[in-house]
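Now for the letters of each chain:
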Amino acid sequence: MAADILHLPAALASDLVEIVAIVDPAGNRASGLARRYGLDVEIGGTIDDIHTAIDGVIIATPNNAHKPVAAACARRGLHCLIEKPLATSTADGEEICNLQREHNVTIAVGYATRFRNSVVLLKELLDARHFGSIRRFHFQEGSVGGWGAASGFNLDRAAMGGGVLVGTGTHFLDRMLYWFGLPEECEMADDSSGGPEAHCLASVHYRRAGECFDGTICILRLFHLKTGLVIETEDGCVILEGYASPPVFRPRGSPSLEMVLRPRGTPPFPEGVSSFQLQLEDFVAACRGQRKPLVDAEQGLASLRLLEKLYANRTALAEPWRGSAAQSMALPASIRTPPSLKVGIFGASGFVGATLLERLRHRGIDTVAMIHTTGNAWRLARARTPMKLVDIRSPSEVAVAMRGCTHIVNCTRGDDATMIAGLRNLLDEARRQQIQRFVHLSSIAVYGTRPGPEAAGEDSPARPASGSYGALKLRQDELVARAHRNGLSCVVLCLPNISGVYSGFVCSVIEDIREGRFALVEGGRMPINIVDVDNVVYAIELALAAENADGSRMFITDGDDITWGHFVDQLLPLIELSEPLPTISAEAAATPGGERRRASVGRALVHLMSSEVRGALRADPLIEKCEQSARALVEWLPDRLQERLRSSLGGPVRVPKVTTQRLFQSRYMEQQLRGVVHRSQRAAQLIGYTPRIQFADSMARFRSWYTASNGIGSERWPLAKQLLH
């Protein structure tokens with residue numbers, strides 16, 4: 001994956017590099033890569049299969065293959081740019097360092113974020129004590145999932161050499177060593193249950209001449225965190241967001257002041273050039289003997305030593321929400337689990353799919369986790385959950401994956417092809433393999449954004465807007481209903497927004513409130529339809545075992561009459577607001593930014609005569625020549641006549657309205673206008689569903705998770721919250 005989307009484009013963009021060969025044990029993958037980029041190159045399974053003259057190689061293999069591949073290349077006298085980390089152990093890293101001396105080759109390590117002007121500038125400012133002495137620092141980076149390796153090695157702790165600390169955190173460790181040097185002490189806590197960790201929190205301690213400071217590093221792949229570094233100094237706070245933004249300085253005692261720091265003169269690296277191209281060209285210069293690589297093998301080895309020390313001082317991350325009572329909720333005694341139950345979960349790496357898988361495995365039920373990409377499967381991988389890579393758009397892959405399953409749960413999401421053609425493949429194969437029960441997740445979006453009060457029940461007409469997500473889900477529901485009529489026993493659970501631990505919906509509302517995009521409509525009195533993820537999973541379990549199934553939608557909610565105001569009140573303790581949350585009328589929420597101007601023939605003609613349209617038409621030489629002739633003719637007319645002609649064609653000068661009123665553009669403004677509460681009576685009748693997690697308990701568990709994961713109230717929080725303002 002890294003070679004495909006990062007290294008190969010960088011090599012093609014550089015005029016210093018010629019690509020002559022692609023090496024991959026999967027010959028079809030290498031050939032496909034060559035075809036995609038229109039390359040006429042030699043293809044081989046190993047470097048020894050390549051007979052074309054080569055000067056250097058980029059090694060972007062799984063981490064545990066770095067050493068053997070580097071050894072094979074070095075024996076041929078080939079210079080090596082090795083994707084980070086250098087290896088999976090210090091011992092292997094030391095052997096690679098020996099290779100460059102033994103065979104007189106250059107070895108560089110792919111820490112591409114070092115090729116950023118902001119990183120170099122921060123180094124210079126810190127070395128000059130520009131902000132005074134350092135007191136402490138905090139770095140964080142978090143996302144839901146990440147890049148997916150074609151081989152899936154990133155889900156294998158041994159092949160990876162660790163988890164997110166290796167996959168992503170090692171980039172920061174390299175920059176940390178560059179800025180501060182090697183820490184005296186370090187330790188970490190993570191969430192690994194035998195697999196690669198998905199969330200780690202590392203602590204380091206520095207003792208240098210005139211300075212003594214601590215640092216914290218939070219890396220995760222389970223939810224979004226604002227990426228950035230905050231360094232507290234005696235003079236204030238230095239903040240570096242992302243990798244490309246310039247550092248800013250907030251002086252102590254001046255909370256409303258922020259200074260953007262930029263170097264004068266020519267920067268070290270040209271702007272607008274990919275850091276991977278800069279890294280590659282630095283490697284080329286090193287191979288030609290002009291200088292050492294910016295990040296050489298010895299620096300890569302220093303990063304490995306720090307990684308090993310952190311893992312050696314590893315403890316388990318405290319996560320009271322894992323293994324909670326919600327995961328061990330017993331089914332009613334009247335519900336009998338089918339014998340020889342084997343549940344195939346498609347979309348198992350998603351929010352609902354992962355929660356379902358964890359609960360079924362906790363109950364000892366045989367499960368098969370089907371995922372589309374390894375990039376989003378960290379939550380499962382940390383517990384060494386076996387997974388199958390399946391493209392549900394491929395009937396043959398679906399057939400193989402489903403073999404041996406007795407029950408199927410569809411939690412997949414994606415583009416139109418995935419959601420329609422993919423679902424059709426799942427349903428067709430489920431019928432062929434005589435699956436006993438097919439559970440499909442639908443959405444209240446099928447009833448549109450502003451349904452009437454009759455939508456409290458499932459029999460209300462579904463009227464989603466054309467081309468909307470709701471229209472796509474409605475097409476899915478129709479496919480499932482048809483499959484049920486044709487003999488496949490199907491249950492359709494119709495879900496609202498899903499809350500609970502790891503909820504992207506709740507996190508998104510918090511972010512919109514913080515960013516000023518959200519306001520309460522009508523003081524928050526509008527109803528909200530919501531369901532805790534554990535209630536969803538409980539409903540799925542009931543659906544797998546229930547005798548009654550009619551293939552039609554049934555609402556699954558938390559059951560309480562909850563308002564948006566009540567919901568937001570549960571979140572405000574997590575958000576430090578400087579002023580009360582704004583509230584607006586339903587009318588204002590329904591027309592954000594004012595009414596749209598009506599279309600008319602006159603406006604269309606004026607637009608056609610506008611300078612923007614005329615400018616686009618001038619790209620045609622004939623039209624441009626005609627316009628020049630017309631302009632020359634008009635210039636012969638008297639000034640008053642020219643002005644009247646321009647006015648008649650363009651109309652009077654119009655000054656557009658520019659509102660100074662605050663606009664709220666959160667997607668949840670429209671959701672507050674929904675105005676109807678969807679009831680779960682049908683689910684109670686058909687599958688025996690009643691919510692086991694009440695709204696108050698759900699929000700309390702979410703707050704516990706969110707507080708701990710973000711570090712709210714901890715020693716790192718004063719620095720972490722600097723990234724939110």
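Here's a quick rundown of the structure.

## So, the overall build of the protein
(1) Moving on: Broken down by element type, the protein carries 26 helices and 25 strands.
(2) Moving on: Taking 27 Å as the expected radius of gyration for a compact globule of 725 residues, we find that the protein reaches 30 Å, a close match to that expectation.
(3) Moving on: For the protein, the C-alpha atoms occupy an extent of roughly 90 × 75 × 60 Å along the three principal directions.
(4) Moving on: With 725 residues in all, the protein has 52% of them scored as buried.
(5) Moving on: Contacts in the protein between residues far apart in sequence, at least 24 positions, make up 75% of those at least 6 positions apart.
(6) Moving on: Separation of charge centres in the protein, based on 80 positive and 79 negative side chains, amounts to 5 Å.

## So, the pairing of strand β3 (residues 56-59)
Both faces of the sheet carry side chains from a regular strand, because those side chains alternate between them.
(1) Moving on: Side chains of β3 alternate between two faces, with Val57 and Ile59 buried and Gly56 and Ile58 left unburied.
(2) Moving on: For β3 and strand β4 (residues 79-83), the ladder comprises four bridges, and the chain directions are parallel. For Gly56, the partnering residue across the bridge sits in β4 and is His79.
(3) Moving on: With respect to chirality, the unit in which β3 leads through helix α3 (residues 66-75) into the neighbouring parallel β4 is right-handed.

## Considering the sheet that holds strand β12 (residues 248-251)
(1) Moving on: Read across the sheet, nine strands follow the order β13-β12-β11-β10-β6-β9-β8-β7-β14 without closing on themselves; strand pairing throughout is mixed. Unpaired on one side and paired on the other, β13 (259-260) and β14 (314-316) mark the two borders of the sheet.
(2) Moving on: Across 10 bridges, strand β8 (residues 199-208) lies against strand β9 (residues 211-220) in antiparallel orientation. Looking at β9, one finds that Tyr206 is bridged to Phe213.
(3) Moving on: Of the strands in this sheet, β7 (185-190), β8 and β14 are in contact with helix α9 (residues 297-312), which crosses β7 at around 60°.

## A look at unusual backbone geometry
(1) Moving on: Following Lys84, the chain continues to Pro85 via a peptide bond in cis, the omega torsion being -10°.
(2) Moving on: By secondary structure assignment, the location of Pro85 is in the loop between β4 and α4 (90-103).
(3) Moving on: If you check the backbone angles, Asn104 has positive phi at about 55° while not being a glycine.
(4) Moving on: Its location among the elements puts Asn104 in the loop between α4 and β5 (107-110).
(5) Moving on: Residue Asn104 is classed as exposed on the basis of its relative accessible area of 66%.
(6) Moving on: In this model, Glu522 sits at a positive phi of 55°, which is unusual for a non-glycine residue.
(7) Moving on: Relative to the assigned elements, Glu522 resides in the loop between β22 (520-521) and β23 (530-532).
(8) Moving on: With relative accessibility at 30%, the residue Glu522 sits in the partly exposed group.

## Describing the packing of aromatic side chains
Each aromatic ring pair is characterised by the separation of its centres together with the angle its planes make.
(1) Moving on: Summed over the entire model, instances satisfying the criterion amount to 23 aromatic pairs.
(2) Moving on: Between Phe505 and Phe567, the aromatic rings sit 5.5 Å apart at their centres with planes inclined by 10°, giving stacked as the arrangement. Of this pair, Phe505 sits in helix α15 (residues 504-514) while Phe567 sits in helix α17 (residues 564-571), placing them 62 residues apart in sequence.
(3) Moving on: With a relative accessible area of 9%, Phe505 lands in the buried category.

## Thoughts on the pattern of salt bridges
(1) Moving on: The final tally for this structure, using the stated rule, is 35 salt bridges.
(2) Moving on: Measuring nitrogen to oxygen at the nearest pair gives 3.2 Å for the salt bridge that ties Arg157 to Glu197. Here Arg157 is found in helix α6 (residues 157-160), whereas its partner Glu197 is found in the loop between β7 and β8, with 40 residues between them in sequence.
(3) Moving on: By relative accessible area, Arg157 is classed as partly exposed at 26%.
(4) Moving on: A salt bridge links Arg359 to Glu541, with the shortest nitrogen-to-oxygen separation between them at 2.1 Å. Of the two residues, Arg359 sits in helix α10 (residues 351-362) while Glu541 sits in helix α16 (residues 533-545), which places them 182 residues apart along the sequence. Glu541 shares its class with Arg359; the two are buried.
(5) Moving on: Residues participating in the shared-partner salt-bridge network are Asp191, Glu319, Glu358, Arg379 and Arg382.

## Some thoughts on the packing of helix α13 (residues 416-432) against helix α14 (residues 469-485)
(1) Moving on: For the pair α13 and α14, interaxial distance at closest approach is 10 Å and the crossing angle is 10°. Accordingly, the angle class assigned to the pair α13 and α14 is roughly parallel. When α13 is examined against α14, the residues Asp416, Met419, Ile420, Leu423, Arg424, Leu427 and Arg431 are found in contact with a partner set consisting of Tyr469, Leu472, Lys473, Arg475, Gln476, Leu479, Val480 and Ala483.

## Describing the nonpolar core
(1) Moving on: If you look at the biggest cluster of nonpolar residues, it comprises 108 residues, and the most contacted ones within it are Phe137, Met176, Phe180 and Phe567.
(2) Moving on: By residue number, the principal contributor to this core is helix α7 (residues 164-180), which donates nine residues.
(3) Moving on: With residues up to four places along the chain from it excluded, the contact list for Met176 reads Phe137, Gly181, Pro183, Val204, Tyr206, Ile217 and Leu306.
(4) Moving on: Within the second largest apolar cluster, 45 residues are counted, among which are Ile335, Leu341, Ala369 and Ile371.

Definitions and cut-offs
Residues numbered from 1 in each chain as written. Predicted model: local features only at pLDDT ≥ 70, side-chain atom pairs only at ≥ 80, totals over all residues. Heavy atoms only, no water. Helix = DSSP H or I, 4+ residues; strand = E, 2+ residues; numbered from the N terminus. Rg over C-alpha atoms; globule rule 2.2 N^0.38 Å. Buried < 20%, exposed > 50% of the residue type's maximum accessible area, 1.4 Å probe, protein only. Contact = heavy atoms within 4.5 Å. Lys, Arg positive; Asp, Glu negative; His and termini not counted. Charge placed at Lys NZ, Arg CZ, Asp CG, Glu CD. Pairing = 2+ DSSP bridges. Right-handed = clockwise from strand over helix to strand, strands pointing away. Axes fitted to C-alpha atoms, helices over the stretch in contact; angles between N-to-C directions. Phe/Tyr/Trp six-rings, centres within 6.5 Å; stacked < 30°, edge-to-face > 60°. Salt bridge = Lys/Arg side-chain N within 4 Å of Asp/Glu carboxyl O. Parallel < 35°, antiparallel > 145°, perpendicular 65-115°, else oblique. Core = buried A, V, L, I, M, F, W, Y, C linked by side-chain atoms within 4.5 Å.

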